[in-house]
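Given next are the chains, with one letter for each unit.
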Amino acid sequence: MLKYLMPSRLQPLSPPEGKHHASTTSPYAAAIADACTGAWQHVRAAAWLSVPIGLLGLLPSIFVLQVYNRVIARGGNSTLIAMVAGVLCFLCIEWWLRRKRAKALREAGAEIDYRVSRALMASMLQRPLQDLEQRPTSQWLQLFRDVPAMRSSISGGLASALMDLPMVILALIVIGIVALPVLPVILVAMVILGVLAWWWADEVRSGRVEELAQARSLDRQTTEVCNARATLKLLGHDEAVRQTWQNDYDTWLSESFSKNGELENTREANTILLSFFTIAVITVGAVAINSQWMSIGSLMAVNLLASKALGPIAQLAGNWRSLARANEATQRLQAVLQEPVEPASQNLSLPRPKGHMQLKQASFQYANGHHTLDAVSLSMGPGGLHAIVGRNGAGKSTLGKLLAGLYAPTDGHVFIDEYDLAQFSRGDIGEWIGCLGQQIYWFSGPIIDSLRMVNGQASDAQVVAACQVAGAHQFISRLPQGYQTVLGEGGTGVSAGELRKLALAQLFLRNPTVLILDEPSSDLDFESETTLLHTLHKIAQKHTVIVITHSVRVASIAQRIYHVCGDGQIEQGTATELLPKLFGVAPATEHASAAGHGPAQQEAA
Ligand SMILES: Nc1ncnc2c1ncn2[C@@H]1O[C@H](COP(=O)(O)OP(=O)(O)OP(=O)(O)O)[C@@H](O)[C@H]1O
């Protein structure tokens, strides 16, 4: 039983298969054990408090015994008053001790909550990107909900019931002293309740596994529908999705309904059994009184003591459900916390690199076996504008993620100057290599707060300058609340193009040495694209700018083009060499293209 209360005793589980990124073992693997060690001192304090609580719990029955045997028999009212005063005094002490014990258990729970949830959040954010892409949001939400479930095994009713178990022994001793004839009845009742509790535990556990699997799958589906709510509206597809969700929900509900029914039956059966045993105790007691083996006072006292002896055992049976849930939650959390994370931060100030990016015999393969790059070597920068082009699905974004240190190559190396990226966490290189993804997520809240998230030290002038360079300042200034405008989840409140400009401003605000931009001009109007080309051209004089693009305008101003062929190879060349072949247009001069007189216009003509 203690095994469930102390999850630190769980055996380490083997890490999940299919990971092939260069990551270290998790520093959070021992988080649950540490949390339990931290909680253990509070649990121990609560256990010590249970001893006087158990002793004081005997007082009402001793009081009843004395009232029947001494006060009523001898009519001593002054004795009664003194006894009542004494019992009230002890009740106050018991109340104080119980409050202290409840607080100690609450603190134990808080310790678990605090340490495990922090470790879980840190472990999630320190995952390699590939891991994050593989596990859906709903699974993470489920894990965060598992933390309070795990805590409940230490701070819930179950823990109190376990703490009250010493009281059972004390109650049995007193029953043996004052009413020996009814002791066997109580012992039989304890055995029956204990066996039933154990049997129900297995029933509950086996049923819960299936019910929980269904609940998790439903959770995943609900999160997905919530995320896609606006898209479903656009597609006019909501009815079909609602129907599927409703069917799955109904299946889960009926399963959960029947499992809850079984549990309710267990609880009700417990209540009836307790009443039955009370009647059995009184019957045997009455026979014993008639045979003058014990007094009426002893029977009344035993009646109270029986509930103290049987109560915790009955309570244990009623709490198996939360115990089963806590046990599963702990195992799931333990498994996730010991999965590998990115290498820890170097905690070392290295000289800022110049931005010379190199791939040396780098290959990349997704977990499903899909090969995107095959022993590729290339060099970009330092400085200059470099375009990565290729058909859809060729592997451009994959190459961008490798260069950004977001994916680790399956073979070979990625370097920035002389540093192999494998040694750094993404947090370490975030200041050197900035990325703008294809899909942008914007945190809700005032625009200024989200901009400052990436660089808390930035002055107002720097924020405004970054927004001006990104072309965001004009539209922000036109908003009634300006930089204080509150945007919704994901950036609702501005257009897709405006959101891209905000994300660009965020990137410029970090001022990284290398900027990797995946489709930066998608969603931008012609004028904004022209401004962006001018900006990139200017930034590329001091930074290495790598742009993944389908735009011939962007590609034509690049100093070098990297064509991801889709067969694992990369073809390189200047715009003059590759543009005619790839886009069927002649290259233009950088400034003509940036000003809107490049190949795109020739194409249109
Ligand atoms: N997480 C993933 N797991 C498995 N395969 C993936 C994953 N992400 C991408 N792929 C596959 O890898 C290939 C390259 O994907 P990538 O996103 O790099 O293409 P891309 O050239 O950027 O395409 P696009 O121009 O459409 O953005 C594609 O065939 C894609 O299906």
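Residues numbered from 1 in each chain as written. Predicted model: local features only at pLDDT ≥ 70, side-chain atom pairs only at ≥ 80, totals over all residues.

With that out of the way, let us pick up the overall build of the chain. Across its full length, the chain holds 24 helices and twelve strands. Contacts spanning at least 24 positions in sequence make up 80% of the contacts within the chain whose residues lie at least 6 apart. (Helix = DSSP H or I, 4+ residues; strand = E, 2+ residues; numbered from the N terminus. Contact = placed C-beta atoms within 7 Å.)

A few words now on the sheet that holds strand 5 (residues 419–420). Backbone-to-backbone hydrogen bonds join strands into a sheet, with any given pair of strands oriented parallel or antiparallel. Here four strands make up an open sheet; going across it, the order is 2-1-4-5 and the pairing antiparallel. Since the sheet does not close on itself, it has two edges, and those belong to strand 2 (371–380) and strand 5, each with one partner. Against the sheet, helix 14 (residues 396–403) touches strand 1 (357–365), strand 2 and strand 4 (411–416), its axis set at about 125° to strand 1. (Pairing = 2+ DSSP bridges. Axes fitted to C-alpha atoms, helices over the stretch in contact; angles between N-to-C directions.)

This paragraph deals with the nonpolar core. One finds A505, I516, I546, V547 and A555 to be the most contacted residues of the largest nonpolar core, which totals 72 residues. The element that contributes the greatest number of residues to this core is helix 19 (residues 496–510), accounting for eight residues. Membership of the second largest hydrophobic core comes to 33 residues, among which are C36, M163, A326 and V336. (Core = buried A, V, L, I, M, F, W, Y, C linked by C-beta atoms within 7 Å. Buried ≥ 20, exposed ≤ 12 C-beta atoms within 10 Å, placed from the backbone.)

On to the site of the ligand, then. Contacts to the ligand come from 13 residues, most closely from Y366, N392, K396, S397 and T398. The leading source of residues in the shell around the ligand is helix 14, at three residues. Along the lines of polarity and charge, the residues of the shell around the ligand split into two nonpolar, nine polar and two charged. (Near = placed C-beta within 6 Å. Nonpolar A, V, L, I, M, F, W, Y, C, P; charged D, E, K, R; others polar.)

Per-residue confidence for the chain gives a mean pLDDT of 82, with 89% of residues at or over 70. For the stretch residues 1–23, pLDDT sits under 50, and the model shows 43 contacts to residues farther than four places along the chain or on other chains. In this model, residues 590–605 is a region of pLDDT below 50 whose contacts with residues beyond four sequence positions or in other chains number 39 contacts. ipTM for the predicted complex: 0.97, alongside a pTM of 0.75. (pLDDT = per-residue confidence, 0-100.)

Pairing of strand 1 with strand 2 involves six bridges; the strand directions are antiparallel. From the neighbouring strand, L359 faces strand 2, where its bridge partner is L378. Taking the residues between adjacent antiparallel strands as the criterion, strand 1 and strand 2 are bridged by five residues, where G369 takes a positive phi near 95°.

Here we come to unusual backbone geometry. In the Ramachandran plot, Q292 falls in the positive-phi region, its phi being about 60° despite a non-glycine side chain. Residue classification places Q292 among the exposed residues on the basis of 7 C-beta atoms within 10 Å.

An ideal rise of 1.5 Å per residue puts 20 Å on 14 residues; helix 8 (residues 165–178) measures up with 20 Å between its terminal C-alpha atoms. Residues of helix 8 that are buried include every one of M167, A171, I175 and V178, and no others. Along the axis of helix 8, the buried residues cluster in a sector spanning 75°; they form a single face. Exposed and oriented more than 90 degrees from the buried face of helix 8 are I169 and I177. (Expected span 1.5 Å × (residues − 1). Arc of directions from axis to C-beta.)

Strand direction decides the pairing type here: strand 11 (residues 560–564) and strand 12 (residues 570–573), joined by four bridges, are antiparallel. Across the sheet, residue V564 finds its bridge partner in strand 12, namely I570. In this antiparallel pair of consecutive strands, strand 11 and strand 12, the connection spans five residues, and G566 shows a positive phi of 95°.

At a minimum axis distance of 8 Å, the contact between helix 17 (residues 460–470) and helix 19 shows a crossing angle of 130°. If you check the angle between helix 17 and helix 19, you find them oblique. The chirality of how helix 17 crosses helix 19 is right-handed. Where helix 17 approaches helix 19, its residues Q462, V463, A466, C467, V469 and A470 are matched on the opposing element by K501, L504, A505, F508 and L509. Grouping the amino acids of the contact of helix 17 with helix 19 by side-chain chemistry returns nine nonpolar, one polar and one charged. (Parallel < 35°, antiparallel > 145°, perpendicular 65-115°, else oblique. Left-handed = near helix turned anticlockwise from the far one by under 90°.)

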